[in-house]
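Residue-level listing of the chains:
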Amino acid sequence: MPERMEGVVPPQEHEKQEKRHGKVWGDLATAFGGYSQVPDRVVGMAIAGQINNNGLEFGPKQLDEVVDQICERWEDQDPNADEIRAEIVKGMKEASEGWKEDKANAIWPVLEAIEGK
């Protein structure tokens, strides 16, 4: 396991970190047996887990990239990016419900940034 430095991602992990948020949906599709089987809310739950447990650097830009990835996949079905985004954030919040007492948890600044607080 890579050495963690006071909340900072070690340099050798930074490139992996950059790509991890884009892999979440694909990894879930493998686990669920296909992209169409993965609810957007579950994508949010997985992202919250990655932030909490693996130090995933995530914010509004990365959320946009995940939403774009989903929209591109379903472009022939005219996906609604705002609905997808809302479901992902809903999943992030749902997964974080048990962490409310831990105000130092990395999820809270992420959710605040995404919601523009």
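Source: prediction; values computed, not measured.

Go over the overall build of the protein, please, and point to the residues and values.
Scanning the protein from terminus to terminus reveals five helices and zero strands. For the protein, the N- to C-terminal ordering of α and β elements is α-α-α-α-α. Out of the 117 residues in the protein, the part that is buried amounts to 36%. Counting every atom, the protein has about 7300 Å² of accessible surface; 47% of that belongs to carbon and sulfur.

An account of the packing of helix 2 (residues 40-54) against helix 4 (residues 81-96) is requested, with residue identities and associated values reported.
Direction vectors running N to C along helix 2 and helix 4 enclose 50°, while the axes themselves pass 6 Å from each other. Between helix 2 and helix 4, the angle falls in the class oblique. Two packed elements cross with a definite hand, and for helix 2 against helix 4 that hand is right-handed. Between helix 2 and helix 4, the contacting residues are Asp40, Arg41, Val43, Gly44, Met45, Ile47, Ala48 and Ile51 on the first element and Ile84, Glu87, Ile88, Lys90, Gly91, Met92, Glu94, Ala95 and Ser96 on the second. Of the residues in the contact of helix 2 with helix 4, the class split is nine nonpolar, three polar and five charged.

Quick rundown of unusual backbone geometry? Include the residues and the values.
The backbone of aspartate 78 shows a phi angle near 50°, a positive value even though the residue is not glycine. In this structure, aspartate 78 sits in the loop between helix 3 (60-73) and helix 4.

Explain a negative patch on the surface to me, and be specific about the residues and the numbers.
Taken together, the side chains of Asp68, Glu72, Glu75 and Asp76 present a region of like negative charge at the surface. The class for aspartate 76 is exposed, based on a relative accessible area of 64%.

Describe the packing of aromatic side chains, listing the residues and the values that go with them.
Counted by the stated rule, this structure contains one aromatic pair. Note that arginine 73 overlies the ring of tryptophan 74, its terminal NZ or CZ placed 5.7 Å from the centroid.

Explain helix 4 residue by residue, including any values.
The end-to-end C-alpha separation of helix 4 is 23 Å, in line with the 22 Å expected for 16 residues at 1.5 Å each. Listed in full, the buried residues belonging to helix 4 are Ile84, Ile88, Val89, Gly91, Met92 and Ser96. The arc that holds every buried residue of helix 4, seen down its axis, measures 155°, which confines them to one face. Opposite its buried face, helix 4 presents the exposed residues Asp82 and Glu83, each directed more than 90 degrees away. Looking at the buried side of helix 4, the elements it contacts are helix 2, helix 3 and helix 5 (107-114).

Each value, and the rule that gives it
Residues numbered from 1 in each chain as written. Predicted model: local features only at pLDDT ≥ 70, side-chain atom pairs only at ≥ 80, totals over all residues. Heavy atoms only, no water. Helix = DSSP H or I, 4+ residues; strand = E, 2+ residues; numbered from the N terminus. Buried < 20%, exposed > 50% of the residue type's maximum accessible area, 1.4 Å probe, protein only. Areas by Shrake-Rupley, 256 points an atom, 1.4 Å probe, with all protein chains shown as cover. Axes fitted to C-alpha atoms, helices over the stretch in contact; angles between N-to-C directions. Parallel < 35°, antiparallel > 145°, perpendicular 65-115°, else oblique. Left-handed = near helix turned anticlockwise from the far one by under 90°. Contact = heavy atoms within 4.5 Å. Nonpolar A, V, L, I, M, F, W, Y, C, P; charged D, E, K, R; others polar. Patch = residues over 30% accessible without salt bridge, like charges linked within 9 Å, V, L, I, M, F, W, Y side chains within 5 Å. Salt bridge = Lys/Arg side-chain N within 4 Å of Asp/Glu carboxyl O. Lys, Arg positive; Asp, Glu negative; His and termini not counted. Charge placed at Lys NZ, Arg CZ, Asp CG, Glu CD. Phe/Tyr/Trp six-rings, centres within 6.5 Å; stacked < 30°, edge-to-face > 60°. Lys NZ or Arg CZ within 6 Å of the ring centre and 35° of its normal. Expected span 1.5 Å × (residues − 1). Arc of directions from axis to C-beta.

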